[in-house]
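# A look at the structure
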Amino acid sequence: MPHQPLTVSGVEVTPLCDAVGPMGETIRRPLPELFPGSAVQDEPWVLHFHCYLLRDRAGRVTLVDTGIGAADSPASSWAPVPGTLAGELAAAGVAPAEVGTVILTHLHSDHASGAVADGRPLFENARYVLQQAELDTARGAILEQVVTPIKGQLQAVEGEAEVSPGVHVRLTPGHTPGHQIARVGELAMTGDLVLHPVQLADPRVRYLYDDDAEQAVATRVEVLDGLRAERAVLATAHFSDPFVRL
Ligand SMILES: [Zn+2]
Ligand SMILES: [Zn+2]
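The following refers to the structure shown. (Residues numbered from 1 in each chain as written. Chains lettered and ligands numbered in written order. Predicted model: local features only at pLDDT ≥ 70, side-chain atom pairs only at ≥ 80, totals over all residues. Heavy atoms only, no water.)

### What about the coordination of the zinc ion (ligand 2)?
Within the protein, the zinc ion (ligand 2) binds to His 106 (NE2), His 108 (ND1), His 175 (NE2) and Asp 192 (OD); these donor distances fall in the range 2.1 to 2.2 Å. Coordination at the zinc ion (ligand 2) is irregular: its 4 donor atoms span angles of 90 to 165° at the metal. Look at where the donors of the zinc ion (ligand 2) fall in the sequence and you get H-x1-H-x66-H-x16-D. Of this pair, His 106 sits in the loop between β5 (101–103) and α3 (109–112) while His 175 sits in the loop between β11 (167–171) and β12 (180–184), and the two are 69 residues apart along the sequence. We note that His 106, like His 175, is buried. (Donors = N, O, S within 2.8 Å, 3.2 Å for Na, K, Ca; no water. Tetrahedral: all angles 85-135°; square planar, octahedral: opposite > 155°, others 65-115°. Helix = DSSP H or I, 4+ residues; strand = E, 2+ residues; numbered from the N terminus. Buried < 20%, exposed > 50% of the residue type's maximum accessible area, 1.4 Å probe, protein only.)

### Topic: the coordination of the zinc ion (ligand 1)
Within the protein, His 3 (NE2), Cys 17 (SG), His 48 (ND1) and His 50 (NE2) serve as the donor atoms for the zinc ion (ligand 1), at 2.1 to 2.2 Å. The coordination sphere of the zinc ion (ligand 1) comprises 4 donor atoms, whose angles at the metal cover 98 to 119°; the geometry is tetrahedral. All donors of the zinc ion (ligand 1) come from a single chain, and their spacing in sequence reads H-x13-C-x30-H-x1-H. In this pair, His 3 is assigned in the segment before β1 (6–8) and His 50 in strand β3 (residues 47–55), connecting sequence segments 47 residues apart.

### A closer look at the packing of aromatic side chains
Under the definition given, this model contains 6 aromatic pairs. Consider the rings of Phe 35 and Trp 45, whose centres lie 5.5 Å apart with planes at 70°: the pair is edge-to-face. With a gap of 10 residues between them, Phe 35 in the loop between α1 (31–34) and β3 and Trp 45 in the loop between α1 and β3 connect regions that are remote in the sequence. Overall, Phe 35 belongs to the buried group, its relative accessible area being 0%. Among the aromatic side chains, those forming a connected cluster through ring pairs are Phe 35, Trp 45, Tyr 207 and Tyr 209. (Phe/Tyr/Trp six-rings, centres within 6.5 Å; stacked < 30°, edge-to-face > 60°.)

### Description of the sheet that holds β5
Strand pairing in a sheet relies on backbone hydrogen bonds, with the paired strands running either antiparallel or parallel. Taken in spatial order, the 7 strands line up as β1-β2-β3-β4-β5-β8-β9 in an open sheet, and their pairing is mixed. The open sheet has two edge strands, β1 and β9 (154–157), and neither has a second partner. On average, each strand axis in the sheet is inclined to that of its neighbour by 25°, with strand direction left out of account. Bridge count between β1 and strand β2 (residues 11–21): 3 bridges; the pairing is antiparallel. Following the sheet pairing, Leu 6 is matched in β2 by Val 13. (Pairing = 2+ DSSP bridges. Axes fitted to C-alpha atoms, helices over the stretch in contact; angles between N-to-C directions.)

### Overview of helix α5 (residues 140–147)
What α5 keeps buried is the set Ile 142, Val 146 and Val 147. The buried residues of α5 occupy an angular sector of 75° when projected down its axis, which confines them to one face. On the buried face of α5, the contacting elements are α3, β6 (116–117), α4 (132–136) and β9. (Arc of directions from axis to C-beta. Contact = heavy atoms within 4.5 Å.)

### Comments concerning the side chain of Thr 176
With respect to the element layout, Thr 176 can be found in the loop between β11 and β12. Look at Thr 176 and you get buried, because its relative accessible area is 2%. Apart from the residues lying within four places of it in its own chain, the contact partners of Thr 176 are His 106, His 108, Glu 134 and Asp 211.

### What to know about the side chain of His 175
For His 175, a relative accessible area of 4% corresponds to the buried category. Only 3.0 Å separates the side chain of His 175 from the side chain of His 108, close enough to count as a polar contact. Within polar-contact distance, the side chain of His 175 engages the side chain of Asp 210 at 2.8 Å. Excluding anything up to four places from it in sequence, His 175 contacts His 106, His 108, Asp 192, Leu 195, Tyr 207, Tyr 209, Asp 210, Asp 211 and Ala 216. (Polar contact = N/O pair within 3.5 Å; in protein donor to acceptor, adjacent residues only side chain to side chain.)

### Notes on unusual backbone geometry
That bond from Val 81 to Pro 82 is cis: its omega, -5°, falls within 30 degrees of zero. Structurally, Pro 82 is set in the loop between β4 (61–64) and α2 (85–91). Residues other than glycine seldom take positive phi values, yet Asp 65 does so here, at roughly 70°. With respect to the element layout, Asp 65 can be found in the loop between β4 and α2. On the accessibility criterion, Asp 65 (2% relative accessible area) is buried. Non-glycine residue Asp 118 carries a positive phi angle of around 55°. Tracing the backbone through its elements, the reader meets Asp 118 in the loop between β6 and β7 (120–121).

This is the structure we're talking about:
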């Protein structure tokens with residue numbers, strides 16, 4: 001079921017809970033190995049997989065991330081597929097054709113796989129916004145099964161951009177080369193900038209599956225410092241509570 005929505009700067013933001021579950025055995029590790037050197041406890045990690053639905057007063061609909069996708073998606077090797085994004089959207093009263101903008105924070109399979117269904121773009125009227133640096137490094141199943149089918153609807157951006165009125169994206173590299181976060185008002189949808197609350201307590205804590213751990217730490221420290229200074233609200237992908245006020 002969708003979590004409770006929040007309204008910021010006239011935009012209603014609804015967390016869509018695509019799935020809840022542990023990582024599959026292929027990549028599962030004890031938390032102290034996933035977040036080395038941190039004070040995290042060795043307990044099971046049950047991830048939520050959140051996408052965010054944004055609706056403004058003019059009726060514009062934006063979706064941030066698309067979840068784990070169908071049973072045969074590239075995420076099926078490790079994530080609890082199939083995702084329930086379509087049902088979550090329907091529960092929120094939105095049809096896929098109403099989505100005008102899809103922001104993909106990055107091209108990991110649990111964020112991008114739901115962009116397509118049956119080999120075609122699920123959101124037929126949407127622009128799909130990705131950082132150029134992310135597109136440049138896409139390969140394998142994600143390239144073939146996600147990027148190629150949405151090619152005709154891609155909007156590549158570099159650095160910062162306003163992708164819909166009041167909705168901004170910003171390049172935040174490290175977790176992946178072209179990772180981006182999205183902003184609306186005081187809210188920041190942070191993708192995999194932070195994976196676990198232990199990284200809020202100490203942004204220098206590394207994550208085993210960051211592409212470039214050093215760059216990821218530098219980005220996380222800088223971005224979280226800025227967000228903390230403005231007392232922003234984080235909308236995270238994988239925490240059990242979608243919203244966290246800093
Ligand atoms: Zn959730
Ligand atoms: Zn990721």
